[in-house]
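# Structural overview
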Amino acid sequence: MSSALRGAIPFIHLFGTTIKTAMGPLGWAMLLIQGLTAGITALIDHFKTKSDELERQAEQATERMKKRARDAAESIKKSYEAIQDYNKADRTQEINKGFEDFIKGITAEYRLQTQEIERQIQLRREEAARQKGIDTQEAELARVKLDNDFEDGKITKRQRDYGMIMIDQNLDDKIRRRDLEVAQKEFMDYGRQLDTAVQNRDRLQDKDFDMKFIQGQMPSLQEVERLFQQQFKAQERINASNRKLKKVKDNIEKNESILKDPFTKINKYKRTENEISKLQAEQQRILAARDAAQSEGNAATIRIDELRDLFRQSGVNFEPSYQKGTDVTSRTGEYQKALEDQNSKAKELADKLADAREEAGRIGDIMGPMNATLLIRSGASGRKTGSIQPISTCSTSGPTKRKLRKPRRPRKSLRKSGTGN
């Protein structure tokens, strides 16, 4: 072996040592191999210029170097695969440990959050109880005692947790009882409101029934005009009869004075008696005619008084005017105005009745679900607390219709004297 080759061997060994100790990726190893091959090729090119022996030795050396290089590459590949397998197992173990630590951290955090949520629930439960007027001091002291006993080792965690559950359950029972009491009071308040609404509805319903009945009894304008005309003509006939009666009475008195005269002759006396008889008969006919006219007038007056009373029952004032300057037409106009007022009253009453029905229905709709809810809640807690059962909704059926009172009897009769229209 030449000195030049011997000088290259340390360089080759240096590369081999680097390759063995690097333990780097396979790519880096192949790069080193390529560098080594390049170096060997350069040396071979150098040796070819010396001699054929050197060329032969160089070829042998080249074969040996190639073989060593291949062996080195194979060794590096196997070493890298071994390292990868080791690193993979180590990494897997490291990942598993990290995952276990992560799970433990999450579990611990979840436990802390769960405890905090439970604590917040307890605080809110106690705050809700205090707002409802329930004393929570006993529950707070009981929780503190359970925590102290657990820390002192007097009770187990299971016993402490069970005790906390019982404290919360007792507090929840108090809250439910208080809610039930409030709901029952609210239900009873609605019951009173419904009773008032139903009474108001029934009262308006009675008035509406009476109003419709009264409106059905009201005659037309033409009928009322005929009544006023009948009343007017009857009064005229009465007045005419009164005037005739006055004349007949005066004639009777005049003839009677003749009969009282002692100097009256017999013939004249007889004639006077006959005249008196005729006048008396005439007087009876006039009285009969006046009575008939008065009966007709009274019938019209009675009917008008009945209308006046019907108007009064419907809240309308109807007082026909008989003063000077009034007549049948004006009185008929007053009746028409009273009818218009009555229709306005009827519409107002119908609107009030519709509102009253709606109000009673609204309260009834509110109480229906409340009653069902109270039945369920009182059934669930009533066995424990002995609380009262919810009242039933009052009936919404109306009372029996009252009878419309009869119109009053006429307040006056036609005048037997006078000239009023």
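Residue positions are given per chain, counting from 1 as you read along its sequence in written order. Side-chain atom pairs in this predicted model are given and counted only at pLDDT of 80 or more, local residue features only at pLDDT of at least 70, and totals for whole chains, interfaces and linings cover all residues. Here the side-chain values reflect all heavy atoms present in the structure, with hydrogen atoms and water set aside.

### Let's talk about the overall build of the chain
The helix and strand inventory of the chain stands at 8 helices and 0 strands. Mapped from its N terminus to its C terminus, the chain presents α and β elements in the order α-α-α-α-α-α-α-α. Counting only carbon and sulfur atoms, one obtains 53% of the accessible surface of the chain, whose full area is about 28,100 Å². Each helix is a run of DSSP H or I of at least 4 residues and each strand a run of E of at least 2, with the numbering of both proceeding from the N terminus. Note on areas: these come from Shrake-Rupley sampling with a 1.4 Å probe, and a residue is covered only by the protein chains present in the view.

### Regarding the pattern of salt bridges
Any Lys or Arg side-chain nitrogen found within 4 Å of a carboxyl oxygen on Asp or Glu counts as a salt bridge. All chains considered together, the criterion is met by 23 salt bridges. Residue D250 pairs with K246 through a salt bridge whose shortest N-O separation is 3.5 Å. Here the residue D250 and the residue K246 both occupy positions in helix α6 (residues 221-260), the gap between them amounting to 4 residues, near one helical turn. We call a residue buried when its accessible area falls under 20% of the maximum for its residue type, exposed when it is over 50%, and partly exposed in between, using a 1.4 Å probe and counting protein chains only. We classify D250 as partly exposed; its relative accessible area is 38%. Classification of K246 by relative accessible area gives exposed; the value is 55%. R285 is paired through a salt bridge with E282; the nearest N and O atoms lie 2.2 Å apart.

### Details of a nonpolar patch on the surface
Together, F102, I103 and I106 line one region of the surface with nonpolar side chains, adding up to about 270 Å² of accessible area. Assignment of secondary structure puts I103 in helix α3 (residues 52-131). We classify I103 as partly exposed; its relative accessible area is 35%. Like charges are joined within 9 Å and nonpolar side chains (Val, Leu, Ile, Met, Phe, Trp, Tyr) within 5 Å, but only among residues with over 30% relative accessible area and no salt bridge; these make up the patches.

### Some words on the packing of aromatic side chains
How two aromatic rings sit relative to each other is set out by the distance from centre to centre and by the angle between their planes. Geometry of aromatic contacts follows a simple scheme: Phe, Tyr and Trp rings, the Trp one being its six-membered ring, pair when their centres are within 6.5 Å, and the pair is stacked under 30 degrees between planes, edge-to-face over 60, tilted otherwise. Under the defined criterion, the tally for this structure stands at 3 aromatic pairs. An angle of 55° between the planes, with centres 5.2 Å apart, marks the rings of F311 and F318 as tilted. This pair shows no difference in class: F311 is buried, exactly as F318 is. A centroid spacing of 5.6 Å and a plane angle of 75° characterise the contact between F311 and Y335, whose relative ring orientation is edge-to-face.

### Comments concerning the nonpolar core
Among the nonpolar cores identified, the biggest contains 17 residues, and M218, F228, L307, F311, F318 and Y335 are the most heavily contacted of them. Where this core is concerned, the elements lending two or more residues are α6, α7 (266-313) and α8 (328-385). The criterion used for residue contact is that any of the two residues' heavy atoms lie within 4.5 Å. Once residues within four sequence positions are removed from consideration, F228 is found in contact with I304, F318, P320, Y322, V328, R331 and T332. Counting 12 residues, the second largest nonpolar core, distinct from the first, contains L180, A183, F187 and V198. The set of buried Ala, Val, Leu, Ile, Met, Phe, Trp, Tyr and Cys residues whose side-chain atoms join them within 4.5 Å is what this entry labels a nonpolar core.

### Description of the environment of D168
With respect to the helices and strands, D168 occurs in helix α5 (residues 157-217). D168 sits 29 residues away from A139 along the chain, and the two C-alpha atoms are 8.0 Å apart. Side-chain atoms alone can form a polar contact between residues adjacent in sequence; in general such a contact is a pair of N or O atoms within 3.5 Å, and within protein one must be able to donate a hydrogen while the other accepts it. Side-chain polar atoms of D168 contact the side chain of R143, separated by 2.4 Å.

### Some details on the side chain of R308
With respect to the helices, strands and loops of the structure, R308 is situated in helix α7. By relative accessible area, R308 is classed as buried at 4%. Within the local environment of R308, its side chain forms a polar contact with the side chain of E319, the two groups lying 3.1 Å apart.

### What to know about the packing of α6 against α7
Lines fitted to the C-alpha atoms define the axes, with helices restricted to the stretch that makes contact. Angles between their N-to-C directions range from 0 to 180 degrees. Two numbers describe how α6 lies on α7: the axes approach to 7 Å, and their chain directions differ by 160°. Judged by the angle between their axes, α6 and α7 are roughly antiparallel. With respect to the hand of their crossing, α6 and α7 are arranged in left-handed fashion. Angle categories: roughly parallel below 35 degrees, roughly antiparallel above 145, roughly perpendicular from 65 to 115, and oblique for all the rest. Crossings are sorted by hand: turned counterclockwise from the far helix by less than a right angle, the near helix makes the crossing left-handed, and turned clockwise it makes it right-handed.

### Structural notes on helix α4 (residues 137-151)
By definition here, a helix of n residues has an expected span of 1.5 Å times n minus one. Here α4 is 15 residues long and its end C-alpha atoms lie 21 Å apart, about the 21 Å a rise of 1.5 Å per residue gives. Of all the residues in α4, the buried ones are A139, R143, L146 and D149. Across the axial projection of α4, the buried residues extend over an arc of 130°, all falling on one side. Opposite the buried face of α4, at more than 90 degrees from it, the exposed residues are L141, K145 and E151. Once α4 ends, the next one or two residues include G153, with phi positive near 80°. Think of it as the arc spanned by the lines of direction from the helix axis to the C-beta atoms.

### Comments concerning the environment of Y269
Summarising the element assignment, Y269 is placed in helix α7. Residue classification places Y269 among the partly exposed residues on the basis of a relative accessible area of 32%. A C-alpha to C-alpha distance of 9.8 Å links Y269 and E256, two positions 13 residues apart in sequence.

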